[in-house]
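A look at the structure
Read off the chains here:
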Protein chains: 2
Amino acid sequence: MGESWSFLDTVESNFRPLVVIELAKGTKEETIEWFTKRIVDKKANGGAQLLIKPLVMENGVENIYLVGASHLRLLLGAETVGLVKECSDNSMRTFTYSSRKTFKDFADDNHNFLTMAECQYIIKHELENLRAKNENMIPGYPQAKLYPGKSIVRRLLTSGILVQIFPLHDREELKKLRHSWYGRVKVGYQPLDDIRCYFGETIALYFGFLEYFTFALIPMAVIGIPYYVFAWEDYDKYVMFATFNLLWSTVILEVWKRICAILTYRWGTLLMKRQFEEPRPGFHGVLGINPVTGREEPVYSSLKRQLRIYLVSLPFVCLCLYFSLYVMMIYFDLEQWALDYHEENESNFSSLMLYVPSIIYAVVIEIMNRIYRYAAEFLTSWENHRLESSYQNHLILKVLVFNFLNCFASLFYIAFVLFDMKLLRQSLATLLITSQILNQFAESLLPYWLQKRYNRRMKKRMCSQKTDRDLSIAEQVNMEKEMGTYLGTFDDYLELFLQFGYVSLFSCVYPLAAVFAVLNNITEIYSDALKMCRVYKRPFAEPTANIGVWQLAFETMSVISVVTNCILIGMSPQVDALFPDSKMDLVLTVALVEHLLLAIKFIMAFVIPDKPRDIQMKLAKLEFESLEALKQQQMKLAAESLKE
Amino acid sequence: MGESWSFLDTVESNFRPLVVIELAKGTKEETIEWFTKRIVDKKANGGAQLLIKPLVMENGVENIYLVGASHLRLLLGAETVGLVKECSDNSMRTFTYSSRKTFKDFADDNHNFLTMAECQYIIKHELENLRAKNENMIPGYPQAKLYPGKSIVRRLLTSGILVQIFPLHDREELKKLRHSWYGRVKVGYQPLDDIRCYFGETIALYFGFLEYFTFALIPMAVIGIPYYVFAWEDYDKYVMFATFNLLWSTVILEVWKRICAILTYRWGTLLMKRQFEEPRPGFHGVLGINPVTGREEPVYSSLKRQLRIYLVSLPFVCLCLYFSLYVMMIYFDLEQWALDYHEENESNFSSLMLYVPSIIYAVVIEIMNRIYRYAAEFLTSWENHRLESSYQNHLILKVLVFNFLNCFASLFYIAFVLFDMKLLRQSLATLLITSQILNQFAESLLPYWLQKRYNRRMKKRMCSQKTDRDLSIAEQVNMEKEMGTYLGTFDDYLELFLQFGYVSLFSCVYPLAAVFAVLNNITEIYSDALKMCRVYKRPFAEPTANIGVWQLAFETMSVISVVTNCILIGMSPQVDALFPDSKMDLVLTVALVEHLLLAIKFIMAFVIPDKPRDIQMKLAKLEFESLEALKQQQMKLAAESLKE
């Protein structure tokens, strides 16, 4: 079994490993043989027509395989997944093998036409689309049922035979990327295009958003500093700051859509057609007929799912929200106790004690968020959604609501029940800074440190004093397979979302929040970059055209912040003093201003086009061309028919 | 020139006239010859390959032509315009000539496979797409410039050589439709599918919406009646009514989207691909290169248009709004004067006089709306929009804003400045009823009466005592060409929009409004049907998948009505009495309730899917099939490439 299984092996002399497949130790011979045969088999026979090579380890155990593909196979795969590439005339077009000559940089011997991330994405796609023909079980494992059309890799994964599939790092490229990304301290933009080439669009878009968001916060931060320095408390200055903030937050979210369109147009994902979504790996049900595809696959009643959502998940989420509020009330008791203690025995220690409840609460919030996250994942998975996208949406909704309440409930309570602006400012600062520090630590530095320690031990054990460059492929695989798996951009966006809440919800009370956010985000860029390059396995590239549900989440937050800021300004003593005779007038004025601001927000969102004019033109041009092509074809047909 | 020009004349023995072309009297011979030649010429030579016959009138003048097409030509045209028809397996598919056998009711000799309205739409499309080749002017008219690709018909229309193109009525079909639509007094739905077959989707969708809206108002009307009868003035009853109204209006607008999807799926327009939009006929500019199509056509700087919009149109609209407010203030002076007069000399006459200002104001509003409409049309046309859709959107926006202010400003003033609920109720009733009567009269009955008188005179002059059935085609054309042109559904939707405003904005003050609206709409259905069948020329069918910008307009109105109703309830003395100590609490409670209602509205709009589940499934199935087909094709290609 030491030789390669590729039938194309004679043709393809330079096998380039792209993806690693790790099978469980002790997987039966017949299973391995069947699986690898399916991978190398011809397309016409229902195979994936890829190349595969076993990796022989020192200890002779053979459970890791390297997967590659011939150049031609990759090009055909690029057509299958619908990659969009730049043509020689600078327009973006869907790649097809027959029109390959019209693409920029294409040459039959240019193996860099497709980026490594794209090649890996293609291989992943081909592997996942390797489907059972007439097998009704995985050979050697009768309990792992198969039915025609079932994805073999997904069944292998769910039955534990396949441990993991992950793409290999390219040490050389990674080094270059690291250098241009965070290797030297510099002022400037991130190399987004390089990040996209290496990690794919989803991750590049996250870093693009992070960078954009940081830049967008700078005006708020700059305007916020003098408020803190000079302790401005004038009514008109506050109103100006808040109004600026509210309109600014609308503008930045709208402008982001445009920038996102520019980026994804350049990357080709804006034009990429949506593929038909297969059931997610965890989905299970009775074997039936899918009404859409007409294929045999597990089906699960939509009614049952609705019942699970509304009768179990919803009450559970409500219970958690209640619990979170209960914890908050305990926090306020603690706070009161600390205050009383400070008043009784005034000392340095007691004044330090004043901050303790907030810090404890911030830590507890973080812990609760994390525990709830597991519960939400379990519940959403139990709801048994057919599609990954629907699973993700339900998970995000659950987590967002809880995290929102958890992070902001105490602030709302302080602001609108206790009316204590001083406490609000103090809590806001403590919460913001604590959560930022905790996040940076838990997300990047801790895993980095653990990984580094592990790597050092590994290297020492394996081959004494080699540098990265000298590592053999076996050693590289061995090291990378033990690295953590990057679970997607969810947590990173969530962090930004909560930060946006801290900055915008109470911006007129604590103008300095934007400054902390900017500072945090600058280090966040570096620590996230470090995390991607050093801590985690390389993730598969995932083409995407926008940041999806997060755009909606940020917009909702900016609507809520209009309401909170208007109320806060209305409650400030300075504004209060403007209406000495009638509190009614005050409230009515505040309500009027709030409605006006909301109206302006919606009109602005409506008026600012989502795509810049030149992108619109380019898209229109492409659409026009495809319509023309269709028309030409029909006219030819019509002319022929009429001639008969 | 008495004979037909059709080259297919020998083949096609039964020429069925579908569309009428009226040229200006005295059009030059060479122009007519050139134009008709282009119409009958083969597709391959750039013609439309249609059939045309001159209509010989009594007086020997020959300026009217009948256009038809062979059955085969129509089928190929149906493919060109992208018609979607039902297949034998009940799925909806885009019609192609090569797959014609798979469609339901298709037979080579079944000339009813395409409805007459569809045939007429196809002919219109083919005529409009008759484009200049190398002509640089219309023969005989050197001032009417042409350039390659310019639509000939549009140039003929703008230079006045072509007076009009309109589709012929089908007397038999129309009679049947009239009978089932409004011929007998009956309780039940309109024959929407028949209306769609005869008038096309846009008009059928309007009547569908009108009917749906009427049904949707019935619950409001039913609940509203006891409020009026028993003069309920309790706080809780009002709040219940208003809350019901607000949520109900959200539900009906969301449910309409679903019903609309069901209708347009059945009609095939939901699946129809958008065609590339050509410049509208009135668009002019310097000859240049269109960046999207790469073709030579007039271009007009977008900057210039923006300047015209923001420096001329916007100030003009603001001026008109100001003027409208000014007129409103005069109305209030008049109102005051009438009140004073009534108090001084109390008599039957004087109490009648109390209603005079409102009636005068209602009439003035109608007049102002109509004058402004012309101004708006002129301005929007002067803004020189390239696309008809963009022209329509700008026109609708201008007219909507003005009409909204014109109709509701006085009510807002009475409600929120004068705080006079009695006057509000009275004004609302007067405005609503007056505008309904005026509309019904001006829109349908007056034109109907005029048309009837004219028809009678025509018939008398032409052929003494024939009935409809005996009318020759020449007489039918002669009569129809003098009928008014239906200008689209704009005014009809606008009327419904304003009515929705009267019903929802102040629903808690005047619950009877819904009753009047329902009564009006029932007669409206009949008078609009009468208008379509009897008063106007048959309009060309226009495929459409939804009611477009009106959905947004109605939704905006329902958001505004949440705000107004909350304020009205807050101002009512009953609610006032609940908060005897603190007006602050009252205002805060009202604001809280308003925000909650708005939040519920948005969540409901988000949660209710826009398309029913079965339509979603059918669409998913179609998408899946087209993806599969593409994949099959690619796999075949791939297999071949790999074999080489």
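Here the structure is a predicted model, which means the values were calculated and not measured. (Residues numbered from 1 in each chain as written. Chains lettered and ligands numbered in written order. Predicted model: local features only at pLDDT ≥ 70, side-chain atom pairs only at ≥ 80, totals over all residues. Heavy atoms only, no water.)

**Brief notes about the side chain of Gln-49 of chain B**
Residue and element names in this part refer to chain B.
- For Gln-49, the position within the fold is in the loop between α1 (29-40) and β2 (51-54).
- Judged by its relative accessible area of 5%, Gln-49 falls in the buried class.
- Here Lys-43 takes part through its backbone nitrogen, which lies 2.8 Å from a polar atom of the side chain of Gln-49. (Helix = DSSP H or I, 4+ residues; strand = E, 2+ residues; numbered from the N terminus. Buried < 20%, exposed > 50% of the residue type's maximum accessible area, 1.4 Å probe, protein only. Polar contact = N/O pair within 3.5 Å; in protein donor to acceptor, adjacent residues only side chain to side chain.)

**Some thoughts on the sheet that holds strand β1 (residues 19-23) of chain B**
All names here are of chain B.
- The four strands lie next to each other as β2-β3-β1-β8, forming an open sheet whose pairing is antiparallel. On the outer flanks of this sheet lie β2 and β8 (162-167), each paired with one strand and no other. Each strand axis lies, on average, 20 degrees off the axis of its neighbour in the sheet, ignoring direction.
- As judged from the five bridges shared by β1 and β8, these two strands associate in the antiparallel manner. What sits directly across from Glu-22, in β8, is Gln-164.
- The sheet contacts of α1 involve β1, β2 and β3 (64-68), and relative to β1 the element is tilted by about 160 degrees. (Pairing = 2+ DSSP bridges. Axes fitted to C-alpha atoms, helices over the stretch in contact; angles between N-to-C directions. Contact = heavy atoms within 4.5 Å.)

**What to know about the pattern of salt bridges**
Residues and elements named next belong to chain A.
- Following the criterion strictly, the structure yields 53 salt bridges over all chains and no others.
- Glu-173 is the salt-bridge partner of Lys-176, the closest N and O atoms lying 3.4 Å from each other. Of this pair, Lys-176 and Glu-173 both sit in helix α5 (residues 171-183), three residues apart, which is roughly one turn of the helix.
- In this structure, Lys-257 engages Glu-254 in a salt bridge whose closest nitrogen and oxygen atoms are separated by 3.3 Å. (Salt bridge = Lys/Arg side-chain N within 4 Å of Asp/Glu carboxyl O.)

**Re a negative patch on the surface**
- Residues Asp-340, Glu-343, Glu-344 and Glu-346 of chain A make up a contiguous surface patch of negative charge.
- Within the element layout of this structure, Glu-343 of chain A appears in helix α9 (residues 302-344). (Patch = residues over 30% accessible without salt bridge, like charges linked within 9 Å, V, L, I, M, F, W, Y side chains within 5 Å. Areas by Shrake-Rupley, 256 points an atom, 1.4 Å probe, with all protein chains shown as cover. Lys, Arg positive; Asp, Glu negative; His and termini not counted. Charge placed at Lys NZ, Arg CZ, Asp CG, Glu CD.)

**Topic: empty space enclosed by the protein**
- Taken as a whole and judged by the stated rule, the model has nine cavities of 30 Å³ or more.
- As for the largest cavity, its lining consists of 16 residues, of which Tyr-147, Gly-149, Lys-150, Glu-278 and Pro-279 of chain A are closest to the centre. (1 Å grid on protein atoms, 1.4 Å probe; cavity = no way out; pocket = protein on both sides within 12 Å on 5 of 7 lines; lining within 4 Å. Points joined across faces, edges and corners; volume = space filled by probe spheres on them.)

**Structural notes on the nonpolar core**
- Ranked by internal contacts, the top residues of the largest apolar core, which has 105 residues, are Trp-181, Phe-497 and Trp-550 of chain B.
- With residues up to four places along the chain from it excluded, the contact list for Phe-497 of chain B reads Leu-400, Phe-404, Trp-550, Ala-553, Phe-554 and Met-557 of chain B.
- Grouped together as the second largest cluster of nonpolar side chains are 98 residues, Leu-174, Ile-203, Ile-365 and Leu-512 of chain A included. (Core = buried A, V, L, I, M, F, W, Y, C linked by side-chain atoms within 4.5 Å.)

**Examining the packing of aromatic side chains**
All names here are of chain A.
- In total, this model carries 73 aromatic pairs over all chains according to the counting rule given.
- Between the aromatic rings of Phe-500 and Phe-554, the centroid separation amounts to 5.3 Å while the plane-to-plane angle is 40 degrees, which identifies the pairing as tilted. A residue pair is termed long-range when its members are at least 10 positions apart, and Phe-500 in helix α15 (residues 490-505) and Phe-554 in helix α17 (residues 549-571) qualify at 54 residues. Residues Phe-500 and Phe-554 agree in their burial class; the two are buried.
- One cation-aromatic arrangement involves Arg-538 over Tyr-198; the distance from NZ or CZ to the ring centre is 3.8 Å. (Phe/Tyr/Trp six-rings, centres within 6.5 Å; stacked < 30°, edge-to-face > 60°. Lys NZ or Arg CZ within 6 Å of the ring centre and 35° of its normal.)

**Focus on the layout of surface pockets**
All names here are of chain B.
- Estimated volume of the second largest pocket: approximately 860 Å³.
- Looking at the second largest pocket, it is lined by 31 residues, and the ones nearest its centre are Lys-85, Thr-115, Asp-193, Arg-196 and Cys-197.
- Secondary-structure elements contributing two or more residues to the lining of the second largest pocket are β4 (84-86), α5 (171-183), α6 (192-199), α8 (235-267) and α20 (613-643).
- Ranked by residues supplied to the lining of the second largest pocket, first place goes to α6 with five residues.
- For the lining of the second largest pocket, the residue count by class is 12 nonpolar, five polar and 14 charged. (Nonpolar A, V, L, I, M, F, W, Y, C, P; charged D, E, K, R; others polar.)

**Focus: unusual backbone geometry**
- Unlike most non-glycine residues, Asn-90 of chain A shows phi in positive territory, near 70 degrees.
- Position of Asn-90 of chain A relative to the elements: it lies in the loop between β4 (84-86) and β5 (92-94).
- Residue classification places Asn-90 of chain A among the partly exposed residues on the basis of a relative accessible area of 48%.
- Its identity is not glycine, yet Asn-384 of chain B carries a phi of approximately 60 degrees, on the positive side.
- One can find Asn-384 of chain B in the loop between α11 (356-382) and α12 (388-418).

**Thoughts on the interface of chain B and chain A**
- At the junction of the two partners, chain B supplies 37 residues and chain A supplies 37 residues.
- The junction of chain B with chain A conceals about 3,900 Å² of combined surface from both sides, 71% of it contributed by carbon and sulfur atoms.
- The tally of links from chain B across to chain A stands at zero salt bridges.
- Taken together, chain B and chain A are joined by two residue pairs in polar contact (both at pLDDT 80 or more).
- Broken down by secondary-structure element, the contributors of at least two residues to the side of chain B that touches chain A are α2 (71-81), α17 (549-571), α19 (583-607) and α20 of chain B.
- At 13 residues, the largest contribution of residues to the side of chain B that touches chain A is made by α20 of chain B. (Buried area = accessible area lost by both parts, 1.4 Å probe.)

**What about the environment of Asn-112 of chain B?**
- Of note, Asn-112 of chain B is situated in the loop between β5 (92-94) and α3 (116-128).
- Remark: the alpha-carbon pair of Asn-112 of chain B and Glu-628 of chain B, spanning 516 residues in sequence, is separated by 33 Å.

**Describing the sheet that holds strand β2 (residues 51-54) of chain A**
Residue and element names in this part refer to chain A.
- Taken together, the four strands give an open sheet; going across it, the order is β2-β3-β1-β8, and neighbouring strands pair in antiparallel fashion. For this open sheet the edge positions go to β2 and β8 (162-167), each flanked by a neighbour on one side alone. If you compare each strand with its neighbour and ignore which way they point, the axes differ by 20 degrees on average.
- In this structure, β2 lies alongside strand β3 (residues 64-68), joined through four bridges in antiparallel fashion. From the neighbouring strand, Leu-51 faces β3, where its bridge partner is Gly-68.
- With respect to the sheet, helix α3 (residues 116-128) is in contact with β1 (19-23), β3 and β8, its orientation differing from that of β1 by roughly 40 degrees.

**Observations concerning the domain arrangement of chain A**
- Partitioning chain A into structural domains gives domain 1 (19-168) and domain 2 (614-643).
- One C-alpha centre belongs to domain 1 of chain A, the other to domain 2 of chain A, and the line joining them spans 35 Å. (Domains from an automatic or database assignment.)

**Let's talk about the relation of the copies chain B and chain A**
- After a rotation of 180 degrees and a shift along the axis of 0.0 Å, chain B superposes on chain A with an RMSD of 0.0 Å. In symmetry terms, the pair is related by a two-fold rotation axis. Closest to the rotation axis within chain B is the C-alpha of Met-584 of chain B, separated from it by 2.9 Å.
- Interface overlap between copies is the fraction of interface residues in one copy that are interface residues in the other; for chain B against chain A it reaches 100%, indicating a shared surface. (Least-squares fit on C-alpha atoms with pLDDT ≥ 70 in both.)

**Here we look at the environment of Met-92 of chain B**
Residue and element names in this part refer to chain B.
- Tracing the backbone through its elements, the reader meets Met-92 in strand β5.
- For Met-92, a relative accessible area of 5% translates into the label buried.
- Each C-alpha atom of the pair Met-92 and Tyr-510 lies 46 Å from the other, and the pair is 418 residues apart in sequence.
- In this view, Met-92 contacts Val-84, Lys-85, Glu-86, Tyr-265, Arg-266, Trp-267, Gly-268, Leu-271 and Leu-622; residues no more than four positions away in its chain are not counted.

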